[in-house]
Amino acid sequence: MLILLPPSEGKTRPAQGPTLNPDFLRFPELATARKLVLSALAETSASADAHKILGAGLSLAAEVTRNTVLESEPCAPAHQVYSGVLYDALGYASLTPAQRARADAAVVVVSALWGAIGFADMIPAYRLSMGTNLPGVGRLAAFWKAALTEPLNECAAGDLVVDCRSSTYAAAWQPDPARSAAVNVFQVRGGERKVVSHFAKHTRGELARHLLTRTGAEPSTVDELQHAAAEKWEAELVPAQGRKPHQLNLILPEDH
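Within any chain, residue numbers begin from 1 and follow the written order of that chain's sequence. Two thresholds apply to this predicted model, a pLDDT of at least 70 for residue-level local features and 80 or more for giving and counting side-chain atom pairs, whereas whole-chain, interface and lining totals are computed over all residues. Side-chain metrics in this entry use all non-hydrogen atoms of the structure; hydrogen atoms and water are not considered.

Participant: Looking at this model, I keep getting lost on the side chain of Ser-111. Mind explaining?
Facilitator: Each helix is a run of DSSP H or I of at least 4 residues and each strand a run of E of at least 2, with the numbering of both proceeding from the N terminus. The residue Ser-111 is located in strand β3 (residues 107–111) in this model. For the exposure calls, accessible area comes from a 1.4 Å probe over protein chains only, and a residue counts as buried if that area is under 20% of its type's maximum, exposed if over 50%, partly exposed in between. Since its relative accessible area comes to 0%, Ser-111 is described here as buried. Here a polar contact is taken to be a pair of N or O atoms separated by no more than 3.5 Å, where protein atoms must pair a possible hydrogen donor with a possible acceptor and residues adjacent in sequence count only if both atoms sit in side chains. Within the structure, Ser-111 has its side chain in polar contact with the side chain of Tyr-126 (distance 3.1 Å). Whether two residues touch is decided by their heavy atoms; if any such pair falls within 4.5 Å, the residues are in contact. In this structure Ser-111 touches Pro-7, Tyr-82, Ala-116, Tyr-126, Met-130, Trp-144 and Tyr-169, once residues within four positions along its chain are discounted.

Participant: Just to check I follow, could you spell out the pattern of salt bridges for this structure?
Facilitator: Side chains bearing opposite charge may pair, as long as their charged atoms lie close to each other. Whenever a carboxyl oxygen of Asp or Glu lies within 4 Å of a side-chain nitrogen of Lys or Arg, that contact is scored as a salt bridge. In the structure shown here, the tally under the stated rule is 9 salt bridges. The partner of Arg-127 in a salt bridge is Glu-9, and the shortest N-O contact between them spans 3.4 Å. With Arg-127 in the loop between β5 (122–123) and β6 (133–134) and Glu-9 in the loop between β1 (2–5) and α1 (31–45), the pair connects residues that are 118 residues apart, well separated along the chain. The salt bridge partner of Asp-163 is Arg-165, with a shortest N-O separation of 2.8 Å. The residues Asp-163 and Arg-165 share a single accessibility class, namely buried.

Participant: What am I meant to see in the environment of Arg-209 here?
Facilitator: With respect to the element layout, Arg-209 can be found in helix α9 (residues 197–213). Separated by 110 residues in sequence, Arg-209 and Gln-99 place their C-alpha atoms 9.2 Å apart.

Participant: Any chance you could explain the nonpolar core here in plain terms?
Facilitator: In summary, soluble globular proteins display a tendency toward joint burial of nonpolar side chains. Counting 80 residues, the largest nonpolar core has Leu-5, Trp-114, Leu-128, Trp-144 and Val-162 as the members making the most contacts within it. Looking at this core element by element, the count peaks at 7 residues for helix α7 (residues 140–156). Setting aside anything within four residues of it in sequence, one finds Trp-114 in contact with Leu-20, Leu-25, Leu-30, Arg-34, Leu-38, Tyr-82, Ile-123, Pro-124, Tyr-126 and Trp-144. By convention a nonpolar core is built from buried Ala, Val, Leu, Ile, Met, Phe, Trp, Tyr and Cys residues, the set being connected through side-chain atoms within 4.5 Å.

In structure tokens, the structure reads:
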């Protein structure tokens with residue numbers, strides 16, 4: 001089983017730690033592409049148009065400035081650097097050692113800066129989103145799609161892919177539709193299903209935690225994934241259509 005997560009927009013800067021070594025991240029074949037994006041990000045972040053290009057308000061000036069010195073910034077495991085609703089709900093710190101090992105193996109974060117990394121990879125806090133058109137690189141989703149296809153296809157071969165990414169990050173790599181399910185979250189309001197961003201992130205984090213902590217064999221098919229999800233939520237599975245993967249819809253009750 002492979003669980004795909006988006007990075008969090010907010011990141012926690014490590015107080016201390018080793019400096020970055022891109023060659024030691026998961027998927028080392030992406031090292032050259034990572035160094036290209038890292039260099040372009042540093043140059044862009046030092047420019048007068050940095051905030052506009054990166055879509056970062058002036059309140060994020062310190063984070064944009066930090067982008068210029070990422071190679072000397074302290075690093076920590078990705079599961080500590082990424083913060084926010086989804087990662088809080090997953091709750092890596094409260095997992096048992098065995099569950100953490102399972103998370104380190106199963107979780108891949110698709111990132112605008114790193115392409116794709118493992119949960120235990122050592123990274124600094126940074127500011128960059130997949131929707132950015134980065135000078136010297138271009139649109140990051142298209143750039144990474146070319147680089148990620150081969151390594152992620154190989155990583156996912158034969159495995160069930162549980163896709164908890166947002167659409168922006170999903171554009172960077174498309175897993176085999178027959179063996180993958182995109183996770184959608186709806187809340188019932190006034191008798192109708194509504195998409196609520198906050199609850200969607202939280203519930204995707206809860207689903208990832210459930211899959212990592214539940215007893216028994218991990219799901220290996222989309223049907224088994226639906227059954228595992230139904231242990232906690234109302235869950236329906238919409239079959240794959242063409243290049244569109246299966247859709248795992250989690251429906252939260254009206255009083256959630």
